[in-house]
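# Structural characterization, general
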Amino acid sequence: MPCPSTSDELVFFVNGRKVIARNVDPEVTLLSFLRKNLRLTGTKYACGRGGCGACTVMVSRHDPASREIRHFSITACLVPVCSLHGAAVTTVEGVGSINTRLHPVQERIAKSHGTQCGFCTPGMVMSMYTLLRNHPEPSEEQLMEALQGNLCRCTGYRPILASGRTFSKESYGCQQKGTGLCCLDQGENDSSSPSRKSDICTELFAKEEFLPLDPTQDLIFPPELSRMAENSDERTLTFHGERVTWISPGTLKDLLELKAKHPEAPLILGNTSLGPAMKSQGHFHPILLSPARISELSLVSKTSDGLTIGAGCSLAQVKDILAERVSQLPEENAQTYRALLKHLKSLAGQQIRNMASLGGHIISRHCYSDLNPILAVGNTTLNLISKEGKRQIPLNQHFLAGLASADLKPEEILESVHIPHSQKWEFVSAFRQAQCQQNALPDVSAGMRVRFKEGTNTIEELSIVYGGVGAATISAHKSCQQLVGRCWNELLLDEACRLVLDEVSLPGSAPGGRVEFKRTLIISFLFKFYLGVLQELKKLVKLFSVPDSHRYPEISEQFLSALEDFPVTIPRGVQTYQSVDSHQPLRDPVGRPIMHVSGLKHATGEAMFCDDLPMVDKELFMALVTSTRAHAKIISIDLSEALEVPGVVDVITAKDIPGTNGAEDDKLLAVDEVLCVGQIICAVVAETDVQAKRATEKVKITYEDLEPIIFTIEDAIKHNSFLCPEKKLEQGNIEEAFERVDQIVEGEVHVGGQEHFYMETQRALVIPKTEDRELDIYVSTQDPAHVQKTVSSTLGIPINRITCHVKRVGGGFGGKVGRPAVFGAIAAVGTFKTGHPIRLVLDREDDMLITGGRHPLFGKYKVGFMNSGRIKALDIECYLNGGCTLDDSEQVTEFLILKLENAYKIRNLRFRGRACMTNLPSNTAFRGFGFPQGTLVTESCITAVAAKCGLPPEKIREKNMYKTVDKTIYKQAFNPETLIRCWNECLDKSSFHSRRKQVEEFNKKNYWKKKGIAIIPMKFSVGFAATSYHQAAALVHIYTDGSVLVTHGGNELGQGIHTKMLQVASRELQIPMSYMHICETSTATVPNTIATAASIGSDVNGRAVQNACQILLKRLEPIIKKSPEGTWEDWIEAAFEQRISLSATGYFRGYKAFMDWEKGEGDPFPYYVYGAACSEVEIDCLTGAHKGLGESGMFLGSSVFFAIADAVAAVRRERDTAEDFTARSPATPEQVRMACVDRFTEMIPRDDPKTFKPWCIPIA
Ligand SMILES: Cc1cc2nc3c(=O)[nH]c(=O)nc-3n(C[C@H](O)[C@H](O)[C@H](O)COP(=O)(O)OP(=O)(O)OC[C@H]3O[C@@H](n4cnc5c(N)ncnc54)[C@H](O)[C@@H]3O)c2cc1C
Ligand code: FES
Ligand code: FES
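The following refers to the structure shown.

Cut-offs applied
Residues numbered from 1 in each chain as written. Chains lettered and ligands numbered in written order. Predicted model: local features only at pLDDT ≥ 70, side-chain atom pairs only at ≥ 80, totals over all residues. Heavy atoms only, no water. Helix = DSSP H or I, 4+ residues; strand = E, 2+ residues; numbered from the N terminus. Rg over C-alpha atoms; globule rule 2.2 N^0.38 Å. Buried < 20%, exposed > 50% of the residue type's maximum accessible area, 1.4 Å probe, protein only. Areas by Shrake-Rupley, 256 points an atom, 1.4 Å probe, with all protein chains shown as cover. Lys, Arg positive; Asp, Glu negative; His and termini not counted. Charge placed at Lys NZ, Arg CZ, Asp CG, Glu CD. Near = heavy atom within 4 Å. Polar contact = N/O pair within 3.5 Å; in protein donor to acceptor, adjacent residues only side chain to side chain. Nonpolar A, V, L, I, M, F, W, Y, C, P; charged D, E, K, R; others polar. Disulfide = S-S within 2.5 Å. Core = buried A, V, L, I, M, F, W, Y, C linked by side-chain atoms within 4.5 Å. Contact = heavy atoms within 4.5 Å. Salt bridge = Lys/Arg side-chain N within 4 Å of Asp/Glu carboxyl O. Axes fitted to C-alpha atoms, helices over the stretch in contact; angles between N-to-C directions. Parallel < 35°, antiparallel > 145°, perpendicular 65-115°, else oblique. Left-handed = near helix turned anticlockwise from the far one by under 90°. 1 Å grid on protein atoms, 1.4 Å probe; cavity = no way out; pocket = protein on both sides within 12 Å on 5 of 7 lines; lining within 4 Å. Points joined across faces, edges and corners; volume = space filled by probe spheres on them. Phe/Tyr/Trp six-rings, centres within 6.5 Å; stacked < 30°, edge-to-face > 60°. Lys NZ or Arg CZ within 6 Å of the ring centre and 35° of its normal. Pairing = 2+ DSSP bridges. Arc of directions from axis to C-beta.

### Considering the overall build of the protein chain
- Across its full length, the protein chain carries 39 helices and 46 strands.
- For the protein chain, the C-alpha radius of gyration of 32 Å lies close to 33 Å, the compact-globule estimate for 1260 residues.
- Its C-alpha atoms give the protein chain principal-axis dimensions of about 95 × 85 × 75 Å.
- Looking at the protein chain as a whole, 57% of its 1260 residues qualify as buried.
- For the protein chain, the exposed surface amounts to about 51500 Å²; the carbon and sulfur share of it is 51%.
- Taking the average place of the 139 positive charges on the side chains of the protein chain and the average place of its 148 negative ones, the gap between the two points comes to 2 Å.

What follows is the structure in structure tokens.
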């Protein structure tokens, strides 16, 4: 074990301040260093794997060769702090602050309403800031590229991009009017009436008021670092940690010596491959060699026959080098470079491309690699170097397969990569298909190259390599050999598909699943290549023509669209809102588009989230141990080894719970039995998070598996495994109605689950107070009263000793209604037992494992209708996959049944729903609470009726929609006026009917691309069907200086509830919002609150705030009357003098909701909200790619799903295949591709399901 005292000093700068770190541990990431050591908590942890961009910071380095300073964004969660020697790091705190000076990026993202919960915002700011450091007036393409690696789960990207676009010189707006104008720009010839102009607004901000971008205000690069880089120190630097040593040699010679001495030690460059493997696959390397200071690895040389690029160049640098080369070379020589460039644009996000090195990419040999297939077909050579000398090896199929004879020797390193020019009569193409267009690993990637005998179409050389279809990148080498000498025609294509499918065979049980999709992509890509080359050949020689064939049609206009990839375009959008009445006083903010009150703090990183709270005295960290079995008896739990891990203080088990261990069927900590993988069994408490996590792996649990193990809805039905009784609503006489209809259709619908993926994972901090067993709990929750109650029953202490605090929540979406109580309670047990404050922050992996998500659904429908499209009878039966405990599943089932009719009045209906019990983590509340899943069945049924009637679906929707005041299926009065208005307005604004015609025209002209269009209505009832939920309280204090503190029972989840409450208070008290403040939601100020959910948080709490303010104003009235010219401050001073209470509790006793399930009637909802959405999509029939994403939050996103279904139906009609295929949501590229049946889908081998065990199974 090396001695830590011999460690060198690590020197770098953070936000202009020099950091000298001694004894820094190589296992510590920059993110952890910033947050813990420097207390810079603006940089957030959300995924820990470089995938979301929440931890983005800017790194600047002086390049001694060019004497320029390079600024680039990186994800701090993957960067080892040791790699930063000589670098300057800028975090969001270094960019600007609300206390000093805001940076324009920060101001603009907030004012453009680009923040909601704000957890992603510092990362967004840093990506944009870095872009502006390099390009002060970025193009839209550059903006898109810069933000590719940043996820936001709340805002939608439109307002974020709108803020970035304000820096761009290019015009913005939707540009739908052509010539750069937005459809909402008023022109001289516009017919829009003046009244419309005045009450409908689009502007959320006035660009002219923004701070100008002034680069002179930016932090300068520390001159000391420039000097360090110029006078390069060739000393080897060594940093010793507890388990790992980091060695950074200053010369290539030293690096090679070290590699010879430590042949097993990996070279660490971007750490984007090593890092994730060390974090979650248990890879461990006691020595890491960092070649970052070796300039030889960054050299680039252009030769007459190719390009040699240093292995240490980042992928972003490679992209720039290739782009430059492509612009210099004749097209025929740059084919491989173009192909690489194409994939470099979509490989990961900008941050990863800035970090990942070319060498690391090649040597990692990931099976999904985007670049290796192209490099392999492009005849790339790897230039290796070791102490013994240099040699070259080809990057070929043997290298990719990891054959020892074709690989690097342990003491060798990759110095550079030689990529030759392509030649005339040679064509290179690259293909990839991923779940989405950007920042997603490919399902299948491919590189293909063909060289022809000059002037002919005879193949001289053919090379086809695939990624994603096996354990390694695979070459179809034998097939290619067999095809040499053949002519490039359709017979060849047929033969090539057959040979390649045979050679690149994928077993049914292949890891990653999606086997049939991948098989189809293998040959669909080949077809695209065939067509592309054919087209190029035709350009080159007019010598030959492709013979007619029925199998592969002549390359006509209709087929050309197969060659085009969907371009990555910047999403455009316009938001319109109704402006307030012109008589409304300026000071009254209600109805005005006010920026989120925390918006600026989100943007500067000063908004505090739960885990941003500073460490408290004697704080310990907790990590959870979870079940690895789906259904098993716990035989024994051995904690001895875990307790031996240095730093471990205790392990908390069910035996330590002083009060109640959750519910009988939903225990906080498992006792004798586990019901799913991910169920919490015990929790380790240690001095640091790293120690606690390491110790969880040492807890030894023995199990005895139990039967049955149920995962799918199908299995649950078979085993009669349900969580609660069936919920049913019925009206009319369905059986009789079915007898009188023209047609009956029956079908099935499958709707997959969904992860909440709130950016802030579940977390809690429990702090014991010194007296009376009081506890303060800081927790990220939508329901602090529930946490408080659960902690109370778990510890067996009264509720009044426990105070829950929620400042803000980094996204909830339903996932932080029930589960935070579990984490709060387990942490509280730890506090109770150890006497220490406990912090529990879930890793993204644990969060996804332990917590459930949206309920997957399986629905069956039977619908009876007349040939006109009028539906007479509808029978729907839904099954939800509830997971292993009840949680909210009964309520979700009720919601689903109550809302299933959506916008339609069908006289004879029967809706039934059941929640299945399976051995999966319990599913829970999720945006829409069952409504989106259920209504997808109803709308699918409408689509099926349309297909049978030969009518467009919108006609069936219109025909069956509520028309007049009526009663819902549960006999609540309902007036459809607004619903109909929304529908008509949407038809009108989207120019639906003319678009439908254009879609049809497009479809006639294009065989391999199809468009679809759909319009969907929505009637959504707000609130819970229980009276107790319709109440809220608020507490408003006015202080003697006139300032007002508002507290209420709602939680700030990003929806802006605090902003709205201040708007309400401002209107009621008739003073500006600047007088007001909300500091947090706390169970000590407003007790017995309900969860902030079901779309009523602002309604009920707003009324409570209003009530409190009205009480206060009433008390002030006599004073105001007496001195109407006085100021607010005067009145408050007078009120205090006169002993008038300046504090009031407001209360709202809301709607009386009831639902009698026996009778099937009730008055469950206070009111409805309505909407209609139209989407038009385009699909690539060969890959399943489509441009369209719909978040099913409030169901309107389903118009994307139905537009995709419309496009698929067009494909199937054209190809004479049955139109009624089973709809599966989400409409992934896999679903779309496999539904677009063609000769390629028919060509692939299908496995007999009995002969293999699939890698994954659908659970709905
Ligand atoms: C969020 C995310 C998204 C991604 N998306 C994609 C994607 O869409 N498509 C895709 O293809 N890839 C993707 N990747 C993978 C990425 O391309 C690779 O992880 C990356 O290129 C590896 O480079 P690195 O410098 O980070 O390697 P490191 O992790 O630093 O090293 C990886 C390995 O390479 C070895 N090595 C590195 N340099 C040398 C050298 N010069 N000589 C000898 N050995 C060397 C090391 O010893 C180590 O074993 C993604 C990765 C992440 C984290
Ligand atoms: S990218 Fe670092 S936390 Fe997600
Ligand atoms: S605002 Fe982007 S994740 Fe919440």
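### Topic: the site of ligand 1
- Around ligand 1, the surrounding shell holds 34 residues, and the nearest of these are Leu 269, Thr 272, Leu 274, Ser 357 and Asp 370.
- Here an oxygen atom of ligand 1 sits 2.6 Å away from a polar atom, N or O, in the side chain of Ser 357.
- Here an oxygen atom of ligand 1 and a side-chain polar atom of Arg 432 are 3.2 Å apart.
- Within the complex, 92% of the 990 Å² of free accessible area of ligand 1 lies under protein.
- Of all the secondary-structure elements, those providing two or more residues to the shell around ligand 1 are helix H14 (358-364) and strand E14 (413-420).
- When its residues are assigned to classes, the shell around ligand 1 shows 19 nonpolar, twelve polar and three charged.

### Remarks on the state of the cysteines
- In this structure the tally under the stated criterion is zero disulfides.
- The thiol of Cys 682 is not disulfide-bonded; the next cysteine sulfur, from Cys 676, is found 15 Å away.
- With relative accessibility at 0%, the residue Cys 682 sits in the buried group.

### Topic: the nonpolar core
- One finds Tyr 466 and Trp 488 to be the most contacted residues of the largest nonpolar core, which totals 164 residues.
- The leading source of residues in this core is helix H19 (residues 515-540), at 14 residues.
- If we ignore the near neighbours within four places in the chain, the residues touching Tyr 466 are Pro 373, Val 444, Ser 445, Ala 446, Met 448, Thr 473, Ile 474, Val 500, Val 504, Ile 522 and Leu 526.
- Grouped together as the second largest cluster of nonpolar side chains are 74 residues, Cys 55, Val 59, Leu 84 and Tyr 337 included.

### Notes on the pattern of salt bridges
- Taken as a whole and judged by the stated rule, the model has 74 salt bridges.
- Glu 224 serves as the salt-bridge partner of Lys 18, at 2.5 Å between the closest nitrogen and oxygen. Here Lys 18 is found in strand E2 (residues 17-21), whereas its partner Glu 224 is found in helix H8 (residues 223-230), with 206 residues between them in sequence.
- Among the residues examined, Lys 18 registers a relative accessible area of 38% and is labelled partly exposed.
- Note that Glu 939 and Arg 957 form a salt bridge whose closest N and O atoms lie 2.6 Å from each other. One end of the pair, Glu 939, is in helix H30 (residues 931-949); the other, Arg 957, is in helix H31 (residues 953-960), and 18 residues separate them in sequence. Comparing Glu 939 with Arg 957, the two get one shared label, buried.
- Each member of the salt-bridge network shares a partner with another, and the members are Arg 35, Lys 44, Asp 611, Asp 612, Glu 619 and Arg 839.

### Concerning the packing of helix H34 (residues 1057-1069) against helix H35 (residues 1097-1122)
- Running from amino to carboxyl end, H34 crosses H35 at an angle of 30°, the nearest separation of the two axes being 9 Å. Accordingly, the angle class assigned to the pair H34 and H35 is roughly parallel. Every pair of crossing elements has a handedness; the one defined by H34 and H35 is right-handed. Of H35, the residues touching H34 (which contributes Ile 1057, Lys 1060, Met 1061, Val 1064, Ala 1065, Glu 1068 and Leu 1069) are Gly 1097, Ser 1098, Asn 1101, Gly 1102, Val 1105, Gln 1106, Cys 1109, Gln 1110, Leu 1112 and Leu 1113.
- Residues that form the contact of H34 with H35 fall into these classes: nine nonpolar, six polar and two charged.

### Brief notes about empty space enclosed by the protein
- Across all of its chains, the model carries three cavities of 30 Å³ or more by this definition.
- Roughly 90 Å³ of internal volume is contained in the largest cavity.
- The wall of the largest cavity is formed by 14 residues, among which Ala 88, Thr 90, Leu 219, Ile 220 and Pro 222 lie closest to the centre.
- Every element with two or more residues in the lining of the largest cavity is listed here: strand E3 (56-63) and strand E5 (88-90).
- Sorting elements by how many residues they give to the lining of the largest cavity places E5 first, with three residues.
- In this model, the second largest cavity occupies a volume close to 60 Å³.
- In this structure, the second largest cavity is lined by Leu 462, Ile 464, Trp 488, Leu 492, Leu 493, Ala 496, Leu 526, Phe 529 and Tyr 530.
- Mapped onto the lining of the second largest cavity, the elements with two or more residues apiece are strand E17 (459-467), helix H18 (490-503) and H19.
- Its residues assigned to classes, the lining of the second largest cavity shows nine nonpolar, no polar and no charged.

### Description of the packing of aromatic side chains
- Summed over all chains, the structure comprises 27 aromatic pairs.
- Ring centres of Trp 488 and Phe 529 lie 5.8 Å apart, and the angle between their planes is 90°; on these two criteria the pair is classed as edge-to-face. Highlighted residues: Trp 488 in the loop between helix H17 (477-483) and H18 and Phe 529 in helix H19, separated in sequence by 41 residues.
- For the cation-ring pair, Arg 914 lies above Phe 722, with the distance from its terminal atom to the ring centre recorded as 3.8 Å.

### As for the environment of Pro 784
- Along the chain, the position of Pro 784 falls in helix H26 (residues 784-795).
- Relative accessible area serves as the criterion here: at 1%, Pro 784 is assigned to the buried category.
- C-alpha separation for the pair Pro 784 and Val 806, spaced 22 residues apart in sequence, amounts to 7.2 Å.

### Observations regarding the packing of helix H5 (residues 140-147) against helix H6 (residues 157-165)
- It is the contact of H5 with H6, at a shortest axis distance of 10 Å, that shows an interaxial angle of 130°. Regarding the angle of H5 to H6, the classification is oblique. Both H5 and H6 take part in a crossing whose hand is right-handed. Contacts between H5 and H6 involve Glu 140, Leu 143, Met 144 and Leu 147 on the former and, on the latter, Ile 160, Leu 161, Gly 164 and Arg 165.

### Describing the pairing of strand E34 (residues 908-916)
- The buried count for E34 comes to eight of nine residues, which makes it a mostly enclosed element.
- Here strand E33 (residues 871-881) pairs with E34 via nine bridges, running parallel. Looking at E34, one finds that Asp 875 is bridged to Arg 910.

### Some points on H8
- Those residues of H8 not exposed but buried are Leu 225, Ser 226 and Ala 229. The buried residues of H8 occupy one face: seen down the axis, they fall within an arc of 105°.
- Contacts from the buried residues of H8 go to strand E1 (10-14), E3 and E5.

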